[in-house]
Amino acid sequence: MSYPEIRPRRLRRTPAIRRLVSETRVDPAELVVPMFVKEGLTEPRAISSLPGVLQHSRDSLRKAAVEAVQAGVGGIMLFGVPEQRDPTGSGGIDPNGILNVAIRDVVAEVGDATVVMSDLCLDEFTSHGHCGLLTADGEVDNDSTLAAYAEMAVAQAAAGVGMVGPSGMMDGQVGVVRRALDAAGHQDVAVLAYAAKYASAFYGPFREAVESALEGDRRTYQQDPANLRESLREVALDVAEGADLVMVKPALPYLDVVSAVRAAVDVPVAAYQVSGEYAMVEAAAANGWIDRERVMLETLTSIKRAGAQVILTYWAVEAAELLRQRY
Ligand code: PBG
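Residues numbered from 1 in each chain as written. Predicted model: local features only at pLDDT ≥ 70, side-chain atom pairs only at ≥ 80, totals over all residues. Heavy atoms only, no water.

Where an unreviewed UniProt entry is consulted, the protein appears under the name Delta-aminolevulinic acid dehydratase, with the organism given as Micromonospora parathelypteridis. As recorded by UniProt, the Sequence similarities (unreviewed entry) comment attached to the protein reads in full: "Belongs to the ALAD family." (UniProt positions renumbered as here; feature names shortened; annotations may be inferred.)

Next up, the structure:
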């Protein structure tokens, strides 16, 4: 008998064998593409720290939504960039605010061909850039913010959104949104809860994309990157409050959290590959330091392998096209 008797390499010998035994496949239908739309733009505009991602005009957003559907992506997550901001973020609630207008535009264009989702948070609409309303002494006020989120949820549902994504990390946000939607007759609108959302430096390029007014940080509401058990508590609360899906964010630096959340709950788990994760890969690829497409697909495969069934990624449309050629 020659040694070694057991040879795992046999299953790696040819592309056909490797394809046969591959444990994880990313399906385009599980990818969600975040899109930005800016009020008043007539032409789309580049975002320097997110190469390939655009601030859309209303027109270019509609076209991009159709392309995303043609690529087979599972969802579109909309973010609005208003022309005017105020301390209460009233543009997020106004039916004629840019995000609500964009929801109507995209739903009219693509109907049910993909899941139209919207960010449910005040930070794009507030003049101070925080995700909530401030008290007189500048603290983010949980409970008055909840009332604003409830109104915002109903406005987004009235605009036709299929799924709302409360991302502000206020205590009780999922419950208040669920109750407000139900009370307004929108029982069918689902809640994708940003359940475990960390106070991460990986959101940097996103802040350019939405022209964030924030000074300081979000550490009094988003989680400490050091904590895992706290995520499980946040996730359990969100599920109890009625979350239909729970999300972990960012993704790649938090795969242990994705995996633990997957094991802890029965609802679908999503992960958000955030702007900084995307930008790092794009920057390294632009320097010729890594193979862009391979790294892109490797990161998505890893996030799926860790337990995320739904992945939000700025590469969604391109990755969907690559994956369709592959399988
Ligand atoms: C909040 C929100 C943010 C992101 C998604 N929703 C910004 C923040 O929490 O500071 C970041 C996404 C990314 O970096 O790609 N509206």
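Participant: I'd love a proper account of a nonpolar patch on the surface, names of residues and values included.
Facilitator: Taken together, the side chains of Leu 11, Leu 20 and Val 21 make up a nonpolar region of the molecular surface, amounting to roughly 300 Å² of accessible area. Along the polypeptide, Val 21 turns up in helix H1 (residues 15–21). Classification of Val 21 by relative accessible area gives partly exposed; the value is 35%. (Patch = residues over 30% accessible without salt bridge, like charges linked within 9 Å, V, L, I, M, F, W, Y side chains within 5 Å. Areas by Shrake-Rupley, 256 points an atom, 1.4 Å probe, with all protein chains shown as cover. Salt bridge = Lys/Arg side-chain N within 4 Å of Asp/Glu carboxyl O. Helix = DSSP H or I, 4+ residues; strand = E, 2+ residues; numbered from the N terminus. Buried < 20%, exposed > 50% of the residue type's maximum accessible area, 1.4 Å probe, protein only.)

Participant: Account for helix H8 (residues 255–264), with residues named and values stated.
Facilitator: Of all the positions in H8, only Leu 255, Val 257, Val 258, Ala 260 and Val 261 are classed as buried. Taken together, the buried residues of H8 touch strand E9 (190–197), helix H7 (229–240), strand E10 (245–249), strand E11 (269–272) and helix H10 (292–306). (Contact = heavy atoms within 4.5 Å.)

Participant: I'd like a rundown of the UniProt feature "binding site: Mg(2+)" (unreviewed entry) in the protein, residues and numbers included.
Facilitator: When the UniProt feature table is mapped to this numbering, "binding site: Mg(2+)" (unreviewed entry) covers Glu 234. Mapped onto the elements, Glu 234 comes out in helix H7. The buried category is assigned to Glu 234, whose relative accessible area is 18%. Residues in contact with Glu 234, not counting those within four places in the same chain, are Met 169, Ala 195 and Gln 223.

Participant: Any details on H10? Residues and values, ideally.
Facilitator: In a regular helix each residue adds 1.5 Å, so 15 residues correspond to 21 Å; H10 covers 21 Å between its end C-alpha atoms and thus fits that length. Residues of H10 that are buried: Met 296, Leu 297, Thr 299, Leu 300, Ser 302, Ile 303 and Ala 306. As for H10, its buried residues are in contact with H8, E11, strand E12 (310–312) and helix H11 (316–326). Two to three positions downstream of the cap, the backbone nitrogen of Glu 293 sits 3.3 Å from a side-chain oxygen, assigning the N-cap of H10 to Asp 291. Looking one or two places after H10, you find Gly 307, whose phi comes out positive at around 130°. (Expected span 1.5 Å × (residues − 1). Polar contact = N/O pair within 3.5 Å; in protein donor to acceptor, adjacent residues only side chain to side chain.)

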